[in-house]
Each structure stands twice: as C-alpha cells, then as structure tokens.
Amino acid sequence: MLAPDQLMLGEGPVPDHAVVVSGGKFADVGPRMQVRARHPGLAELLLPGKLLMSGFVDAHHHLTQTFGKALAFGEPSEIFRRIWVPLEGVLDDELVYLTAKAAALESLRGGFTAVVDAGTRAEGSVAAVAKATKEAGLRCVLGFICNDLGGGGAAADRDTILARAEAHLARWRADSLVHPSLAISIPEAATADMLRETSFLAARSRAVFQSHVNEHLAAVERSLTQVGRRPLEYLYDLGVLGPHVLIAHGTLVTPTELAMLRETNTAVAYNPVASQWKGNAVAPATLMATLGIRFGIGTDGTRSDAFRLVDAAEAAQRLAFGLANGDSSCGGGWTWLEHATQRGADASGLAGVTGAIAPGLAADFLLVDIDVPEFSPSWDLTWELVRLGNRDQIVAVFVAGRLRLWRGWPVDWDGRALMHEIARRARDAVARAPIQRIHPVSQKHRAAELERKR
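Values in this document were obtained by computation on a predicted structure and should not be read as measured data.

### Topic: the overall build of the chain
A count of helical and extended segments in the chain gives 17 helices and 17 strands. Since a compact globule built from 454 residues should have a radius of gyration of about 22 Å, the 22 Å found for the chain is in line with a globular shape. Split into buried and exposed, the 454 residues of the chain put 57% on the buried side. Taking as baseline every contact in the chain between residues at least 6 positions apart, the subset at least 24 positions apart corresponds to 75%. Split by element, the accessible area of the chain, about 19000 Å² in all, is 53% carbon and sulfur.

Structure below.
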C-alpha cells in the first residue's frame, strides 16, 4: 500500500489517496483511509513530498537508431534515406540488442514505462529488441516491418513476409511486456495488396498496424505522382485505416484527411520534437483533440524525456497555430498530459493494459518529487508538470509493479557498463555505415568559419 502526497487520477491530482499494488497490477485505488480499511493486513508506505502518477507512453520510437541520434542534427527532411536505413543496415543481433537496450534505459530515465517501436530494417532480429526491452523492464509495442517493395520497386515474396508476420504475432501474443505489432515503413514501401493484408492481419490479431504517413512534403508529392492520391487518402481508399491503425506524424493533413481519421477512428502519433528538430510541419493536435481524433505523443527517437516532450507538445501548438489566432491556452496542460498517458496508451493499442492509475491496470507508474522550488507554491499541478517538470524529479520508475529505476539508474543491472560498451561499439558501426550527411558537425563548422575569416 503506497500513500503519496498526491495521486494523479483521470480527473487530476488528489491528496490523501492510496494505491495497493499486487501481482504487477493496481489492486485498489481510493481515499487513503478507505483503502487502509479494506486491507488491514498491509503495511502502509507513506511517500511525503511525492506524486504517484502513471508512467508516460511514447507513441512512436525507433529503438535501433540510438547510435545515430546526434547524426541527424541539422539535416534536411527524409533523413531515413541517408542516415537511418544505412545505419540500421550494419546492425547484427548483438548490435540491435545493445542499441535497443540503451534506448530502453534512456526511455525509463525519461519517465516512459511503455514505448511503441516502429520496427527495424536491421538484419538483426526483432527478438533482440524484445530481449533488450524485457531485460531493461520497459513495456514495448514491438513492430515487425512487412515492406514488400525495395528501393528499386521490385516486390519481395509476400507470402514469406506474411508468414513471418504471423510468427511474430504468435510469438509475443501472451507476453506480459512485449505487445506485437505490424508495420509498413511508409505506404510507398509496399504494394496495395501488402498494405491491405498487413492491416487486416493486424486487425484480426488485435494488434496495432503502424506506418509513417503524411510526414514529409516530398513523400506527399511522390504519392500524388505515383498513385494520384496523398498517402493518407490512398490508405483510406484501400480500406486500410481503422481503430487498430496508428499513423506516425500526420503533419501534413487536409480537412478531408482529418475527416477520414475521425470517420475510421484511426490513431495518430503526434511527434512535436521531430517537428522542431527535422523541419517537419506540426500536426494539428489541438484540432485533433477537439474533433475527437485519437492520438498519442511520441519522441520519434529524438530524446526520451517525457516532461520535455509534453512541454514541446504544447509549445509546438502555440507557435504553429495559437499565436496566429490568439489561442492563449492551446489545449492547456491537461490535454498533453492525458495524451502522453491514458489517451496515448489507447492510441498505442494498450487500452485496458496501462496508462492510468486504476484497479486492474498494470502498475506502470512514477514517483515524482514535487517538494521542489519549481512547484512551490503550487496552483495547478497538472500544468506545472507540463511546463516546469523535469526528469531529475523522477525518483522511481515501476513497470508491472516492479521497481526498474531508482534515481535514474537500474536497480538490478549495470546501466553504466552498458553505456561504456555502447561507446566502444557505436563508433565502428557508424564508420561502416554508408551514411550521407549534409550538415557539418559543430567542430567542422567552426573550423570552416575560421578558415573563411583567414
């Protein structure tokens, strides 16, 4: 029985409440004295100065891209073609495991207890990703990519791909931490038949189907040239969309496409930091919330810091839309906290599993230090978490009722040893990858500036 100063429920933070954790789930939640009366034999752990809140859900991640995070700085759009595909192409099982475990550690440190991995193009098996996230203790919606078109447009064996997809779904269907998912990287990476078959297979298996859709202007224009429709329109016409579908980004959406999302109950992963860093447009998330379009908030592998992510989610809406029309709220803090937790879990296929503090749900939660100068005095804790919260305040991270991190570090494995191993192995992997960078690194930029001045 845990009794924090504040407990974050669906209606907001409440004092003098308690939770009981048993068998990896919340067994009871309610006013402290009532919970204590229902469980007289339990020891009560008081948590003064702490907020107990649901862990964050990262609705869009790339766990096998950790080696190259900083390589994408300053790069123009569609960096997957020049950086991510070449980098993932040199990763074997061992490197896939190392990069995914490093990403999992960063996610947990940032307050994420669940992530949606969009799948990897690496030769290494997605089983290595599962092994890494399970060892780290991170809940993972694990994508398996089903592209049947290569770079030259040649179709791969659809039956073989679908057989592997079915095996992926079957292998992880009953796992407590790994939730299998199917993915097509972008609609143009698959034939129409494969898009339909993959989406239908995911729907029949009650799994999420993922794809990057309407992210870059170049991809929208290619789709118009190749099939005569925008990517989202194309998926709608194929009958691919639905409540089991999670499209990543959706930054370039027309009013008609918003209507398609609402009609089909398709979910969106809103990735505000990706818009800040990569020059993408900003998805109209405030409008989506108003229209009832389901969405979660994702990092897109940029930085795994949940408090900075929800701050960016609000700020991007303000800069892209709010300033132009005088909207001083832009959804308020509660919108972004909800869509990074409970509504994000729903968009990620984890409704009924995690995302809130409620009986029967997995005990995926954070203990956050709120006895800090940033929150004193406190007038609106929900919005304060969005505007003023930071990961240094995360004291403990629990997944499935088990303590995974204490003050930023794992309690049952050596996170620093992993960091040292990553530093040793990453340089060689990046050197072997045929990466094409457009923008110079900082040191080269400074050297070039000095040379020009001479």
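Here the narrative resumes, following the displayed structure.
### Thoughts on the pattern of salt bridges
Any two side chains of opposite charge can pair, so long as their charged atoms come close to each other. Counted according to the given criterion, the structure contains 26 salt bridges. Glu88 is the partner of Arg121 in a salt bridge, and the nearest nitrogen-oxygen pair spans 3.3 Å. Taken together, the positions of Arg121 in the loop between strand S7 (112-117) and helix H4 (126-136) and Glu88 in helix H2 (residues 79-88) put the pair 33 residues apart, joining distant regions of the chain. Given a relative accessible area of 28%, Arg121 falls into the partly exposed group. Take Glu88: its relative accessible area is 0%, and that puts it in the buried class. Ionic pairing is found between Glu135 and Lys101, a salt bridge with its closest N-O pair at 2.9 Å. Placement of Glu135 in helix H4 and of Lys101 in helix H3 (residues 93-109) is noted, with a sequence separation of 34 residues between them.

### Let's talk about the sheet that holds strand S12 (residues 267-270)
A sheet is described by the order of its strands in space; here eight strands give the open sequence S6-S7-S8-S9-S10-S11-S12-S13, paired in parallel fashion. Among the strands making up the open sheet, the edge pair consists of strand S6 (56-61) and strand S13 (295-297). For this sheet, the mean angle separating the axes of adjacent strands, direction not counted, is 25 degrees. The pairing of S6 with S7 spans four bridges and is classified as parallel. Each residue of the ladder has a partner; that of Asp58, found in S7, is Val115. Sitting on the sheet, helix H6 (residues 192-204) is in contact with strand S9 (178-184), strand S10 (208-213) and strand S11 (245-249), with an inclination near 165 degrees to S9.

### Topic: the environment of Gly301
Mapped onto the secondary structure, Gly301 falls in the loop between S13 and helix H12 (306-325). Distance from Gly301 to Gln65, taken between C-alpha atoms, is 7.2 Å for residues 236 residues apart in sequence. Once you skip the residues sitting within four places of it in the chain, Gly301 turns out to touch His60, His61, His62 and Lys69.

### So, the packing of H3 against helix H16 (residues 415-432)
Where H3 meets H16, the closest approach of the two axes is 10 Å, and the angle between their N-to-C directions is 130 degrees. Comparing their axes, H16 and H3 come out oblique. Here H3 and H16 pass one another in a crossing that is left-handed. Contacts between H3 and H16 involve Glu94, Leu95, Leu98, Thr99, Lys101, Ala102 and Leu105 from the first element and Gly415, Leu418, Glu421, Ile422, Arg425, Ala429 and Arg432 from the second.

### Some words on unusual backbone geometry
Along the chain, Ser376 connects to Pro377 via a cis peptide bond; the corresponding omega equals 0 degrees. Looking at where Pro377 falls in the secondary structure, it is placed in the loop between strand S14 (365-369) and helix H15 (381-388). At Asn214, a position not held by glycine, the phi torsion is positive, near 50 degrees. By secondary structure assignment, the location of Asn214 is in the loop between S10 and helix H7 (217-227). Backbone geometry at Ala400 places phi at a positive 55 degrees, although glycine is not the residue there. Position of Ala400 among the secondary structure elements: in the loop between strand S15 (394-399) and strand S16 (402-406).

Rules and cut-offs
Residues numbered from 1 in each chain as written. Predicted model: local features only at pLDDT ≥ 70, side-chain atom pairs only at ≥ 80, totals over all residues. Heavy atoms only, no water. Helix = DSSP H or I, 4+ residues; strand = E, 2+ residues; numbered from the N terminus. Rg over C-alpha atoms; globule rule 2.2 N^0.38 Å. Buried < 20%, exposed > 50% of the residue type's maximum accessible area, 1.4 Å probe, protein only. Contact = heavy atoms within 4.5 Å. Areas by Shrake-Rupley, 256 points an atom, 1.4 Å probe, with all protein chains shown as cover. Salt bridge = Lys/Arg side-chain N within 4 Å of Asp/Glu carboxyl O. Pairing = 2+ DSSP bridges. Axes fitted to C-alpha atoms, helices over the stretch in contact; angles between N-to-C directions. Parallel < 35°, antiparallel > 145°, perpendicular 65-115°, else oblique. Left-handed = near helix turned anticlockwise from the far one by under 90°.

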